[in-house]
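Structural features, examined
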Amino acid sequence: MHVVVPFDAREPKTRLSPVLDPGERREFARVMLHSVCSTVEATGHEPTVLATADPDIEWPVRVDDRSLSDAVNAMLAERDDPVAVVMADLALATPAALKRVFAADGEVVLVAGRGGGTNVALARHPDFRVDYHGVSIRDHRERAAAIGVDPTLVDSFRLSTDVDEPADLAEVLLHGQGEPTAWLRDHAVEVAVSDGRVTVQRNE
Ligand SMILES: Nc1nc2c(ncn2[C@@H]2O[C@H](COP(=O)(O)OP(=O)(O)OP(=O)(O)O)[C@@H](O)[C@H]2O)c(=O)[nH]1
Ligand SMILES: C[C@H](OP(=O)(O)O)C(=O)O
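Reference entry: report on the structure contained in this document. (Residues numbered from 1 in each chain as written. Chains lettered and ligands numbered in written order. Predicted model: local features only at pLDDT ≥ 70, side-chain atom pairs only at ≥ 80, totals over all residues. Heavy atoms only, no water.)

1. Here's the deal with the site of ligand 1
We count it as follows: Only heavy atoms are used to decide nearness, and a residue is near a molecule or strand if one of them lies within 4 Å of it. Polar contacts, as counted here, are pairs of nitrogen or oxygen atoms within 3.5 Å of one another; within protein the pair requires one atom able to donate a hydrogen and one able to accept it, and residues that are adjacent in sequence qualify only if both atoms are side-chain atoms. Only the protein chains shown count as cover for residues, and all accessible areas are computed by the Shrake-Rupley method using a 1.4 Å probe.
Taken together, 16 residues lie near ligand 1, and Asp8, Lys13, Thr14, Arg15 and Leu50 sit nearest. Here Leu50 contributes a backbone N or O atom positioned 2.9 Å from a nitrogen atom of ligand 1. Between ligand 1 and Ala88, the relevant distance is 3.0 Å, taken from an oxygen atom to a main-chain nitrogen or oxygen of the residue. Relative to its unbound accessible surface of 620 Å², ligand 1 loses 86% to contact with the protein.

2. Some points on the packing of helix H1 (residues 22-42) against helix H7 (residues 179-186)
In plain terms, the rule: In this analysis, axes come from line fits to C-alpha atoms, helices being fitted only over the stretch in contact, and the angle between any two N-to-C directions falls in the range 0 to 180 degrees. Put simply, DSSP H or I for four residues or longer makes a helix, DSSP E for two residues or longer makes a strand, and each gets a number counted from the N terminus. Oblique is the label for every angle not falling under 35 degrees (roughly parallel), over 145 degrees (roughly antiparallel), or within 65 to 115 degrees (roughly perpendicular). Any pair of residues with heavy atoms lying within 4.5 Å of one another is described as a contacting pair. Following the grouping adopted for this structure description, the nonpolar residues are Ala, Val, Leu, Ile, Met, Phe, Trp, Tyr, Cys and Pro, the charged ones are Asp, Glu, Lys and Arg, and the polar ones are all others, Gly among them.
In contact at an axis separation of 8 Å, H1 and H7 are set at 155 degrees when each is read in the N-to-C sense. By the angle between their directions, the pair H1 and H7 is classed as roughly antiparallel. Mapping the contact onto sequence places Glu24, Glu27, Phe28, Val31, Met32, His34, Ser35 and Ser38 in H1 and Glu179, Pro180, Trp183 and Leu184 in H7. Along the lines of polarity and charge, the residues of the contact of H1 with H7 split into six nonpolar, three polar and three charged.

3. Here's the deal with the layout of surface pockets
Defined as follows: Definitions used throughout: a 1 Å grid over protein atoms alone; a cavity as a set of points that fits a 1.4 Å probe which cannot get out; a pocket as an open set with protein on both sides within 12 Å along at least five of seven lines; a lining residue as one with an atom within 4 Å of a point. Grid points are joined across faces, edges and corners, and a volume is the space filled by probe spheres set on the points.
Space inside the largest pocket adds up to approximately 980 Å³. Taken together, 35 residues make up the lining of the largest pocket; nearest its centre are Lys13, Arg15, Leu68, Asp89 and His133. Every element with two or more residues in the lining of the largest pocket is listed here: strand E1 (2-7), H1, strand E2 (47-51), helix H2 (68-78) and strand E6 (118-123). A per-class count over the lining of the largest pocket returns twelve nonpolar, ten polar and 13 charged. Forming the walls of the second largest pocket are 13 residues, and the residues nearest its centre are Ala91, Ala93, Thr94, Gln177 and Gly178. When its residues are assigned to classes, the lining of the second largest pocket shows four nonpolar, seven polar and two charged.

4. A closer look at the side chain of Asp168
Stated formally: Exposure classes here rest on a 1.4 Å probe applied to the protein chains alone. A residue is buried below 20% of its type maximum, exposed above 50%, and partly exposed in between.
Within the element layout of this structure, Asp168 appears in helix H6 (residues 166-175). Overall, the relative accessible area of 6% leaves Asp168 in the buried class. Engagement of the side chain of Asp168 in a polar contact is seen with the side chain of Arg114, the distance being 3.0 Å. Setting aside residues up to four positions removed in sequence, Asp168 forms contacts with Arg114, Asp162 and Val163.

5. Concerning the site of ligand 2
What counts, and what does not: In this description, a molecule resides in a pocket or cavity if more than half of its atoms sit within 2 Å of the grid points defining it.
Inspection of the region around ligand 2 gives Arg15, Leu68, Gly117, Thr118, Tyr132, His133, Ser136, Asp162 and Asp164 as its neighbouring residues. One of the side-chain N or O atoms of Arg15 is found 3.2 Å from an oxygen atom in ligand 2. The separation between an oxygen atom of ligand 2 and a polar side-chain atom of Asp162 is 2.9 Å. Within the complex, 86% of the 300 Å² of free accessible area of ligand 2 lies under protein. Judged by its atoms lying within 2 Å of the grid points, ligand 2 is housed in the largest pocket.

In structure tokens form, the structure reads like this:
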């Protein structure tokens, strides 16, 4: 199996702008990328970073500046082995959680992201193609059905929590133990409650 971690370093994590400035967002995105790649490696697979520009990281990199879906689909089209696409913003991912996905039966295995996204997609069927953004989990279920596959949905809090919005940072602070959680603590990002909802604030 080939494990791909898409990464766009150009202007990452814009939705975190209420909490992190552009330089911090770039740094934090890279910390999450490093954490996800280490986690993939701990499952026994070497990740390939599919990046819009070379992120200068210790794992193999494939540079492709096309759209996310086009870049992933090019990879799916050229490989004969199963391909797992693991997003680079899964700050709570653990080897055990990923192993459960990689071991799940089915020609298409999906982990939904909060808000309609697809955080992990494992394609064992040669005709499966991705269509990210929008309600991609629904689109991926429909695409699987269109090629005659009943997709396997893996339910995982750790893998469904992608870091898009400030409230997601609270989940990383509450439930994480890795590099992204340490980075947030070092940068004085703290759990807070606003209008009865858990979110974060800067304590500086
Ligand atoms: N290779 C590649 N990866 C991408 C691209 N766009 C997003 N990604 C990666 O796909 C994953 C999900 O990205 P998003 O959360 O949708 O976007 P983001 O740019 O990280 O964040 P926002 O600016 O807040 O939308 C992350 O791992 C991104 O680094 C792209 O055009 N090419
Ligand atoms: C790439 C996109 O990520 P989101 O913006 O939903 O986190 C998706 O999963 O379709």
